[in-house]
Amino acid sequence: MKEFSDYSLLAHNTFGIDAKCKRFVEFSSSEEAAQMLPSVSSPFIIIGGGSNLLLTRNYDGTVIRSAIRGIEVTRLDGDVFLRCGSGEVWDDVVAYAVENGYYGAENLSLIPGDVGASAIQNIGAYGAEVKDIIQRVEAVDIATGEKVEFSNADCQYAYRQSRFKNEWKNRYFITYVTYRLSLSFEPQLGYGNIIGALEAKGIRIPTARELRDTIIEIRQVKLPDPKVLGNAGSFFMNPIVSREKFEVLLAEYPNMPHYNIDAEHEKIPAGWMIDQCGWKGKALGPAGVHDKQALVLVNLGGARGEDIVRLCQAIQEDVMSTFGIAIHPEVNVI
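Residues numbered from 1 in each chain as written. Predicted model: local features only at pLDDT ≥ 70, side-chain atom pairs only at ≥ 80, totals over all residues. Heavy atoms only, no water.

Undergrad: Please give an account of the nonpolar core that cites residues and values.
TA: For soluble globular proteins, nonpolar side chains are generally found buried alongside one another. Core analysis: the largest hydrophobic core is formed by 45 residues, its most contacted members being Phe235, Phe236, Ile274, Leu297, Ile315, Phe323 and Ile327. Counting residues per element, this core draws most heavily on helix α8 (residues 305-323), which supplies 7 residues. Look past the residues within four positions of Phe235 in its chain and what remains in contact with it is Phe15, Leu54, Leu295, Leu297, Ile308, Cys312, His328, Pro329, Glu330 and Val331. Formed by 41 residues, the second largest nonpolar core is a distinct cluster that contains Val80, Trp168, Leu189 and Ile215. (Core = buried A, V, L, I, M, F, W, Y, C linked by side-chain atoms within 4.5 Å. Buried < 20%, exposed > 50% of the residue type's maximum accessible area, 1.4 Å probe, protein only. Helix = DSSP H or I, 4+ residues; strand = E, 2+ residues; numbered from the N terminus. Contact = heavy atoms within 4.5 Å.)

Below you can see the structure in the form of structure tokens.
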């Protein structure tokens, strides 16, 4: 277990904001997580790779991070189960799966963050969500130090939501996540511009590696490298609206992109609405909107957390004024 005082979080947030915490603790096993509990008092926060985090101030409390690594493989009846330490880098798990012929995570390639965060956030991209492959989540109960285990159903996953983000927030340290993958490959190609990108390379029926490589290429074109331009990927969640609201908007914007959720709801891309409001490539001081993807807010250099928040609020006001829709950050603002 590692422990530091008056610790800079610059290396632990992809926005590149140099805030400090009073205490930083990193555990490498379930046992270490339980052992440190007597010394953990409020306030505290649990972080992963910092790719979904916006720091607006120094944190006068304890920041806790998992460094549990390892991937254990079990095969059963045509499926394969990967039990992964919560400190594993998510995209390393996807790469490992594709390399070894374990399928179902390809569309989630290059999403930043750690395994533990995937189970909290229900990460998703290109028509896939991690909830569709999570089998179980292991954790340590912060109140008792006991090891607990949750099924997929226990976690009550929804779009970018789970019980870990709501009533279970700061109640558990996630230690392992087990993903259920398949030994047979069935590509998911019906979302976004995947088919067009594959056809541009002369690929009609891709292998898993070709699909992963293509999604990585698409993401790298659309999303800035946080090592070059600080960001947290998609800053806003795509809003889900009622059928009635959707039809009113579609009459006014017949070319509006949208994705059906069910008979009563449609998802409208927040990035499209932000772009329609004229924000793509614009800035407020040192905080800006990426010029290739309006869903991404960026640190143009020297931005503080409050600069990003000010930009966020201005965008929210414009989208509400123009479309009558509230958009909410996907990023955890501290």
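Right, picking up where we left off after that structure.
Undergrad: So what's going on with the pairing of strand β12 (residues 172-182)? Residues and values would help.
TA: In terms of residue burial, β12 counts as a mostly covered element, since 10 of its 11 residues are buried. Bridge analysis of strand β7 (residues 79-85) against β12 gives 7 bridges, and the strand direction is antiparallel. Each residue of the ladder has a partner; that of Arg83, found in β12, is Thr178. Where strand β10 (residues 134-141) meets β12, 7 bridges bridge the pair, whose relative direction is antiparallel. In the strand pairing of β12, Val137 is matched with Val177. (Pairing = 2+ DSSP bridges.)

Undergrad: Quick one: what's the story with the sheet that holds strand β11 (residues 147-151), residue by residue and with numbers?
TA: The 5 strands are arranged β6-β7-β12-β10-β11 in an open sheet whose pairing can be described as antiparallel. Each end of this open sheet is capped by a strand with a single partner; those strands are β6 (71-76) and β11. The mean inter-strand angle of the sheet, taken between neighbouring strand axes irrespective of direction, is 20 degrees. Where helix α2 (residues 90-99) meets the sheet, it contacts β6, β7 and β12, and its direction lies at approximately 150 degrees from that of β7. (Axes fitted to C-alpha atoms, helices over the stretch in contact; angles between N-to-C directions.)

Don't take any of this as a statement about function, it's just geometry.
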